[in-house]
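Per-entry structural report
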Amino acid sequence: MKEIVQVTAAVLEKDGKYFIAQRKLFLDGRKREDPLSGKWEFPGGKIEPGETPEECLARELKEELGIEVTVHEYLGSTVHHYDHISIELMAYRATWVGGAITVKDHHDYRWVSADELDRFEFLPADIPFVEMLKS
């Protein structure tokens, strides 16, 4: 059985809309072979040794998007087994408190209402959180 990698995700809400990000489609000018490229997600990343999930989320959003956030309550976790990796995705509500969004590790981003979430193809691990926000 594969090791399960712990990963965080931020559910950022502003004015009744949620922040979602699209994974990169290209790398060094060439289309990525990653089967997850182009899919949408709640941004975040892998927890580093000695780091809490909350610290990870704040660090990842600063590195990937150039923004500072305050991490709030834990929303839950899901485990998903992709072909190349197994992850436990831990989601937290977060508030954007500073910085300007700069897309570094993503192709695109959007602010969308809960009703609009179905228009985007999300990563399988993120889908339970999409469903939670819609209900």
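Positions within a chain are numbered from 1, following the residues in the order the chain's sequence is written. pLDDT decides what is reported in this predicted model: residues at 70 or higher carry local features, side-chain atom pairs at 80 or more are listed and counted, and totals for whole chains, interfaces and linings draw on all residues regardless. With hydrogens and water excluded, all non-hydrogen atoms of the structure serve as input to the side-chain values.

Paired rings are identified among Phe, Tyr and Trp, the last through its six-membered ring, by centres lying within 6.5 Å, and are further divided according to the angle between planes into stacked (under 30 degrees), edge-to-face (over 60) and tilted (the rest). Under the counting rule described, the total for this entry stands at 6 aromatic pairs. Aromatic side chains Phe-19 and Tyr-109 sit 5.2 Å apart centroid to centroid with 25° between the ring planes, which places their arrangement in the stacked category. With a gap of 90 residues between them, Phe-19 in strand β2 (residues 17-23) and Tyr-109 in strand β9 (residues 106-112) connect regions that are remote in the sequence. By relative accessible area, which is 29% here, Tyr-109 ends up partly exposed. Pairing Phe-19 with Trp-111 gives two aromatic rings, centres 5.2 Å apart and planes at 70°, and the pair type is edge-to-face. One end of the pair, Phe-19, is in strand β2; the other, Trp-111, is in strand β9, and 92 residues separate them in sequence. The helix count covers DSSP runs of H or I at least four residues long, the strand count covers runs of E at least two residues long, and both are numbered beginning at the N terminus. Using a 1.4 Å probe on the protein chains alone, a residue whose accessible area is under 20% of its type maximum counts as buried, one over 50% counts as exposed, and one in between counts as partly exposed.

Let's shift gears to the pattern of salt bridges. A carboxyl oxygen of Asp or Glu within 4 Å of a side-chain nitrogen of Lys or Arg is what we treat as a salt bridge. By the definition in use, this model includes 12 salt bridges. A salt bridge links Arg-93 to Glu-13; the nearest nitrogen and oxygen atoms lie 3.9 Å apart. You can see Arg-93 sitting in strand β8 (residues 86-98) and its partner Glu-13 sitting in strand β1 (residues 4-14), a full 80 residues away along the chain. A relative accessible area of 26% places Arg-93 in the partly exposed class. The exposure class assigned to Glu-13 is partly exposed, which follows from its relative accessible area of 41%. The salt bridge involving Lys-62 is made with Glu-68; its shortest N-O contact spans 3.5 Å. Residue classification places Glu-68 among the partly exposed residues on the basis of a relative accessible area of 42%. In this structure, a network of salt bridges that share partners links the residues Glu-51, Arg-59, Glu-60 and Glu-63.

Attention shifts here to the nonpolar core. If you look at soluble globular proteins, the nonpolar side chains tend to sit buried side by side. To qualify as a nonpolar core, a set must consist of buried Ala, Val, Leu, Ile, Met, Phe, Trp, Tyr and Cys residues joined through side-chain atoms within 4.5 Å. One finds Ile-20, Phe-42, Ile-87 and Phe-122 to be the most contacted residues of the largest nonpolar core, which totals 25 residues. Where this core is concerned, the elements lending two or more residues are β1, β2, β8 and α2 (127-134). The element contributing the most residues to this core is β1, with 4 residues. Contacts between residues were defined by any pair of non-hydrogen atoms, one from each residue, lying within 4.5 Å. With residues near it in sequence (within four places) discarded, Phe-42 still touches Ala-9, Ala-10, Val-11, Phe-19, Ile-20, Phe-122, Asp-126, Phe-129, Val-130 and Leu-133. Within the second largest apolar cluster, 15 residues are counted, among which are Phe-19, Ala-21, Ile-67 and Val-69.

This next bit is on the side chain of His-106. Its location among the elements puts His-106 in strand β9. By the criterion applied in these results, polar contacts are pairs of N or O atoms within 3.5 Å in which, for protein atoms, one can donate a hydrogen and the other can accept it, and in which residues neighboring in sequence qualify only through two side-chain atoms. Polar side-chain contacts of His-106 include one of 2.7 Å to the side chain of Glu-41. Apart from the residues lying within four places of it in its own chain, the contact partners of His-106 are Ala-21, Gln-22, Arg-23, Lys-24, Glu-41, Pro-43, Glu-64 and Leu-65.

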